[in-house]
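Structural features, examined
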Amino acid sequence: MENRIQNKIMSILLDHMAEGVHVIDQKGYTLAYNRAMERIEGLISDEVVGKHISEIFPRLDHTRSTLLQAIEHNQVIENYHQEYTNLRGERITTVNNTYPIMVNGVNYGAVEFSRNTTDERDYTDQVHKLMEGEINQTKPNYYTFDMIIGSSKLMQQALRIARRCAETDATVLIVGQTGTGKEMFAQSIHNASRRKHQRFIGINCAALPDSILESLLFGTVKGAFTGSVDRIGLFEQADRGSLFLDEINSLSANLQAKLLRVLQEGFVRRVGGTKDQPINVRMIAATNQSPSEQVEQGTLRRDLYYRLNVMRLDLPPLVQRPDDIMELAELFIEKYSRKADRVITGMSQDFRDALKQHEFRGNVRELEHLIEAAIHLKENDGQLELSDLPDHFYRNMDDQLLGLYRDDQPLTEYLAEIERNLIQSAYFKERGNVSNAAKRLGLPRQNLQYKLKKYDII
Ligand SMILES: Nc1ncnc2c1ncn2[C@@H]1O[C@H](COP(=O)(O)OP(=O)(O)OP(=O)(O)O)[C@@H](O)[C@H]1O
Ligand SMILES: [Mg+2]
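Residues numbered from 1 in each chain as written. Chains lettered and ligands numbered in written order. Predicted model: local features only at pLDDT ≥ 70, side-chain atom pairs only at ≥ 80, totals over all residues.

**Some details on the sheet that holds strand β3 (residues 77-85)**
Strand order in this open sheet of 5 strands is β2-β1-β5-β4-β3, and the pairing throughout is antiparallel. Sheet topology places β2 (30-33) and β3 at the edges, where each strand pairs with a single neighbour. Geometrically, the sheet is characterised by an average inter-axis angle of 25 degrees between neighbouring strands, direction not taken into account. (Pairing = 2+ DSSP bridges. Helix = DSSP H or I, 4+ residues; strand = E, 2+ residues; numbered from the N terminus. Axes fitted to C-alpha atoms, helices over the stretch in contact; angles between N-to-C directions.)

In structure tokens:
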């Protein structure tokens, strides 16, 4: 091929590469310098090509130039991390790979490829800062056992087990649907344990990508990866305290294995580090799905599951403890009426019934928000009434009607149940107004009145 054409191909290739390329001859004079390299170093190729490397970078320490090193020692230098200020004054980090050009044992120069990783570094840095901010904001001594409400048998049993957990140093696995109080229990266990004067650090494993989580948990050493610095991990930060890992099943298999090793050996090693650091941390893990199912599905490692399951705390969903609903509702009325500076004297019977019949998929959190919303929606002081409930409450009720079907049921009974629920739903939606509910259902008022009585709704 003609030299001219060859050169053209070379220049197109070079200028359209994402990585920076810098080629020098055996004496150190630049032969090629592409656009990506211009952007990284803040130079233009005309200023560089044909010049000696020491002329381009007058302050460049000879021994630190990877290009010159590659020529002098005939050495391949791979994965070399650099952080410097370029000629435009920008702080840049790169990963470089440098290769000597050898032909028949004779050196003709060197090629350097440079990948700009500044943005990745900034991203990692920002996430670390964000996370540190968030972690520092958690109120370590916030929840205690006496703030956990519920006289139901199931709740009392959970509290008994949790108090036992607090007396030990064993790893605890908390299992409970969303809003059942996992965070509350985790903090309470810490605050009742002998570690209570040390830190409680909580982190949600589902919130962050794996690589960031790994460096956050275990810490990093400078140079371990692009832009990494010496940074203490959460395990070390929680020394002598407790570390709460929420949504543990979101961790990758790889990180789960690393976590298991830490638990078994009692040491952490920072990412890129060589030293094992002994740690003294009580671990509390949580998940909102059945861990044995997660093991079956392969999202939770079996070995980690057995290691975590030593002390197991199951938090029952609210539907399984209807007695707690009223008690919690009263607590939240007290809390939010004080906050909103309102005088709320309790709940009407209708209101109570509606709460008892509701299937709280969001558990205590949903109940709490419902009461808060009702207090805000209420126009005057007094009892909470059905009409104070927000609209979305009724919409959820309709969804629940669909879930009622049981195929072992006689049809008449099933239809009666559906009818009862639809009538009750319409009655609630019309806030107890029989005429409007009858219109909504397309029934004569008289007829509806009869059915409301028959089904024990009024
Ligand atoms: N037994 C309880 N007594 C009083 N308040 C409770 C109880 N259980 C939960 N809460 C309240 O409900 C809300 C949710 O609790 P928490 O954050 O501990 O739940 P969670 O299980 O961690 O939920 P998620 O899985 O969604 O993170 C909190 O505001 C908490 O104060
Ligand atoms: Mg939680």
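So that's the structure; there's more coming.
**What about the environment of G20?**
Note that G20 resides in strand β1 (residues 20-25). The class of G20 is buried, set by 22 C-beta atoms lying within 10 Å. Between the C-alpha atom of G20 and that of A162, which follows or precedes it by 142 residues, the distance is 58 Å. Excluding residues that lie within four positions of it along the chain, G20 makes contacts with N34, A36, M37, I40, F113 and S114. (Buried ≥ 20, exposed ≤ 12 C-beta atoms within 10 Å, placed from the backbone. Contact = placed C-beta atoms within 7 Å.)

**Observations concerning helix α20 (residues 445-454)**
Of all 10 residues making up α20, only 1 are buried, and the element is barely covered by its neighbours. In the stretch just after α20, D456 is the one whose phi turns positive, near 65 degrees.

**Thoughts on the site of ligand 1**
By nearness alone, 16 residues border ligand 1, and T178, G181, K182, E183 and V364 come closest of all. Contributions of two or more residues to the shell around ligand 1 are made by α8 (182-192) and α16 (363-377). Across the shell around ligand 1, the residue classes tally to 5 nonpolar, 7 polar and 4 charged. Counting the residues that make up the shell around ligand 1, at least three belong to each of domain 2 (121-316) and domain 3 (321-454). (Near = placed C-beta within 6 Å. Nonpolar A, V, L, I, M, F, W, Y, C, P; charged D, E, K, R; others polar. Domains from an automatic or database assignment.)

**Things to note about the environment of G233**
Along the polypeptide, G233 turns up in the loop between α9 (210-218) and α10 (234-237). The spatial distance from the C-alpha of G233 to the C-alpha of V268 is 9.1 Å, given a sequence separation of 35 residues. When neighbours within four sequence positions are excluded, G233 is seen to be in contact with L216, L217, F218, G219, V268 and R270.

**So, the confidence of the model for the protein**
The share of residues in the protein with pLDDT of 70 or more is 90%, and the mean pLDDT across the chain is 87. Element-level mean pLDDT values for the protein span from 64 in helix α17 (residues 391-402) up to 97 in strand β6 (residues 172-176). (pLDDT = per-residue confidence, 0-100.)

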